[in-house]
Amino acid sequence: MWMDLLIEGIHPLPGRHVTDHQMRLYMKFRQTDAPPVAAAKASISTATAYRFEQDRRLPSVKEKVRDRRRPDPLAAFFDSEVVPMLTAAPGLRAVAIFEEMQRRHPDLSAGIRRTLERRIRSWRSRYGAEQEVIFRQVHEPGRMGLSDFTDMADLGVTIVSERLDHRLYHFRLAYSGFESAHVILGGESYVALAEGLQNALWALGGAPREHRSDSLSAAFRNLAKDAREDLTRRYDALCADYGMEPTRNNRGVAHENGSIDGSTSSP
């Protein structure tokens, strides 16, 4: 058993703090395995497992807040002097504040500079100006494919001097960037999506686990309730036939299709 675990790369290491994730794994394996086996699978010691059997609280719940081991070196001036400076000049650098504190307090130790910088970062994260928050998308190979329609009217394409009213169906894999395009003569519809999507999957030679569309907003427009429900069922059935999970953007939230819209608009 232990040799199998070592081969799989699971190493119960003594002296390491046990995490909540390990204990949740232990509880999962404990449903079918004895404590020693479940402990080995969760990469914890058997002794830890038996202690957990007596007290089922997670490690984060049992942790005690550690008291300060020495007096706070910033207590005398941080709230009364540093905070007003941060409030009056939000862009002031921490090193400039430290130099000013040294000027005001000549006996201030140079060793507290890092402490002051950490305290300033903490204060700014809680009370400073709001920062732009970005949740970057992490794409997995073979996980998501996206479909979108692009109106080509701005290009002014003509055939024998007659304007060609058309759109492009665009399919893209989020991870690899594989792309396929299909000319659509007319507007967005289920038929246009189905034809373009199947051509893309045949060219790809496979299908992603998930397919995302823009809710077929144009195709749904002016349809009765029964017709909209029928269109939804047909789209879901098409995805199921290729083993894909159908997902849709929230209406009016265009950036959710950014992995395909960005590539469409790029030169």
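Residues numbered from 1 in each chain as written. Predicted model: local features only at pLDDT ≥ 70, side-chain atom pairs only at ≥ 80, totals over all residues. Heavy atoms only, no water.

(A) Quick look at the packing of aromatic side chains. Throughout the structure, instances matching the rule amount to three aromatic pairs. An angle of 85 degrees between the planes, with centres 5.8 Å apart, marks the rings of Tyr26 and Phe52 as edge-to-face. Here Phe52 lies in helix α4 (residues 46-54) and Tyr26 lies in helix α2 (residues 20-30), a separation of 26 residues in the sequence. Accessibility classification places Tyr26 together with Phe52 in one group, the buried group. Aromatic pair Phe149 and Tyr169: ring centres 5.7 Å apart, planes at 65 degrees, arrangement edge-to-face. Placement of Phe149 in strand β1 (residues 144-151) and of Tyr169 in strand β4 (residues 167-173) is noted, with a sequence separation of 20 residues between them. Neither residue differs from the other here; Phe149 and Tyr169 are each classed as buried. Sitting over the face of the ring of Phe78, Arg119 holds its NZ or CZ atom 5.6 Å from the ring centroid. (Phe/Tyr/Trp six-rings, centres within 6.5 Å; stacked < 30°, edge-to-face > 60°. Helix = DSSP H or I, 4+ residues; strand = E, 2+ residues; numbered from the N terminus. Buried < 20%, exposed > 50% of the residue type's maximum accessible area, 1.4 Å probe, protein only. Lys NZ or Arg CZ within 6 Å of the ring centre and 35° of its normal.)

(B) Examining α2 more closely. Among all positions in α2, only Asp20, Gln22, Met23 and Tyr26 are buried. Seen from one end, α2 has its buried residues packed into an arc of 160 degrees, which puts them on one side. Relative to its buried face, α2 has exposed residues pointing more than 90 degrees away, namely His21 and Lys28. Its buried side turned inward, α2 meets α3 (35-41), α4 and α5 (59-62). (Arc of directions from axis to C-beta. Contact = heavy atoms within 4.5 Å.)

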